[in-house]
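Spelled out, the chains give:
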Amino acid sequence: SKSTGRGNAVFYSSDIDSEIRHRRALEADLHHAVQRRELRLACQPLCRASDNGCVGYEALLRWVHPVHGMVPPDVFIPIAEESGSIFALGEWVLREACATAVHWPDDVSIAVNVSPVQFRSTSFASVVGAILAETGLPPERLELEITESCLMKDRASALTVLKRLRSIDVRIVMDDFGTGYSSLSNLQSFPFDKIKIDRSFIAAMDRDRSARAIVRAIAGLGRSLGIAVVAEGVETAEQRRIVVEEGCTHLQGYLFGRPVVVGEAAKDGRLKGSA
Ligand code: C2E
Ligand code: CA
Ligand code: CA
Ligand code: CA
């Protein structure tokens, strides 16, 4: 406990101090990460449920810190969102993803994650348009994965941005579906092309009957609305069997492939297989 004595309290607080110092240092380093070419793009396949064919890839950001090595996105994305680095990072990922995907077969798409901070900036849709024009990627091959937090603060502006993106033919994906406060009403209010069932439901299916029922309900919802439903985090053949049986149209997870670093960075031996 943190209140059992002065000694403990001092130890506890200096622990927090070093935590804060570490975070501040990371924040400063992150500020230069794009310029110092420390970012990498890892791609993970997205498969069709009917025949396991690969229909696209999700771009996942990696940061190779000069001292700490690979820093996971769950650690540095929140820091980037707080410090404002997310704008540079987000643009880098979009540009890199589009520039990479333009060399792929023309029926293979690229999905890019969008931070709520990035999504709420007034220039977001025009940045996307500019990067598509610059890289030459056909807009219908770009999918933007947004989470419910993008839609929470100002629903009217969010709708305007989504409509603008759809008017240039970019696809919109609702990521981590089922984990937010108003998944269903969001599905009604906003135009999505695809929903991704959060990995937590897939992981819980073997021990929790209600998780499987939720997967079934979401897949049914997608079918009724005529939109694709992806099961995320499929790791085992048994999970695959169940989500296909329940009606998911697309699959993603370690069973089909882990994220792999692509582009120039992939030639760097240190990074192979470490995404
Ligand atoms: P997400 O968008 O939900 O991405 C899926 C995460 O699940 C990825 O973790 C992926 O590597 C992991 N994953 C995929 N299949 C499996 C599986 O079968 N089992 C397990 N256990 N995990 C699986 P990652 O790459 O560490 O990314 C974590 C989160 O960081 C992402 O969650 C996303 O929210 C965020 N993120 C990653 N790249 C970007 C980016 O470029 N921009 C933004 N804004 N966020 C990003
Ligand atoms: Ca995602
Ligand atoms: Ca997700
Ligand atoms: Ca997630």
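The protein chain has the name EAL domain-containing protein in an unreviewed UniProt entry, where Methylobrevis albus is given as its organism.

## Some thoughts on the coordination of the calcium ion (ligand 3)
Around the calcium ion (ligand 3), the protein contributes the donor atoms Asp175 (OD), Asp176 (OD), Glu232 (OE) and Glu232 (OE), at 2.1 to 2.7 Å from the metal centre. As a motif over one chain, the donors of the calcium ion (ligand 3) read D-D-x55-E. Here the calcium ion (ligand 3) and the calcium ion (ligand 2) are spaced 4.0 Å apart, and both take Asp175 as a donor. In this pair, Asp176 is assigned in strand β6 (residues 171-177) and Glu232 in the loop between β8 (228-231) and α11 (237-245), connecting sequence segments 56 residues apart. In this structure Asp176 comes out as partly exposed when scored by relative accessible area, which is 26%.

## Remarks on the pairing of β6
Each regular strand displays side chains that alternate between the two surfaces of the sheet. Summarising burial for β6: five of the seven residues are buried, a large majority. By the bridge criterion, three bridges tie β6 to strand β7 (residues 194-197) in an arrangement that is parallel. Bridge pairing in β7 places Phe177 opposite Ile197. Taking the sense of rotation as the criterion, the β-α-β connection linking β6, helix α8 (residues 183-189) and β7 turns out right-handed.

## Focus on the environment of His32
One can find His32 in the loop between α1 (6-31) and β1 (39-48). The exposure class assigned to His32 is partly exposed, which follows from its relative accessible area of 28%. Measuring from C-alpha to C-alpha, the distance between His32 and Ala111 comes to 25 Å, with 79 residues separating the pair along the chain.

## Regarding helix α3 (residues 86-101)
In this model, α3 (16 residues) spans 22 Å end to end at C-alpha, consistent with the 22 Å of a helix rising 1.5 Å per residue. Looking only at α3, the buried set comprises Ile86, Leu89, Gly90, Trp92, Val93, Leu94, Ala97, Cys98, Thr100 and Ala101.

## Describing the pairing of β1
Most of β1 sits inside the fold, with nine of its ten residues counted as buried. Across nine bridges, the pairing between β1 and strand β2 (residues 54-65) is antiparallel. The residue of β2 that forms the bridge with Cys43 is Ala59. Hairpin connection from β1 to β2: five residues lie between these consecutive antiparallel strands, with Asn52 at a positive phi of about 65°. Alignment of β1 against strand β10 (residues 260-262), held across three bridges, turns out to be antiparallel. Within β10, the position partnered with Cys43 by the bridge is Val260. Judged from the two bridges that link them, β1 and strand β9 (residues 250-251) form a sheet pairing that is antiparallel. The partner of Arg48 across the bridge, within β9, is His250.

Criteria and thresholds
- Residues numbered from 1 in each chain as written.
- Chains lettered and ligands numbered in written order.
- Predicted model: local features only at pLDDT ≥ 70, side-chain atom pairs only at ≥ 80, totals over all residues.
- Heavy atoms only, no water.
- Donors = N, O, S within 2.8 Å, 3.2 Å for Na, K, Ca; no water.
- Helix = DSSP H or I, 4+ residues; strand = E, 2+ residues; numbered from the N terminus.
- Buried < 20%, exposed > 50% of the residue type's maximum accessible area, 1.4 Å probe, protein only.
- Pairing = 2+ DSSP bridges.
- Right-handed = clockwise from strand over helix to strand, strands pointing away.
- Expected span 1.5 Å × (residues − 1).

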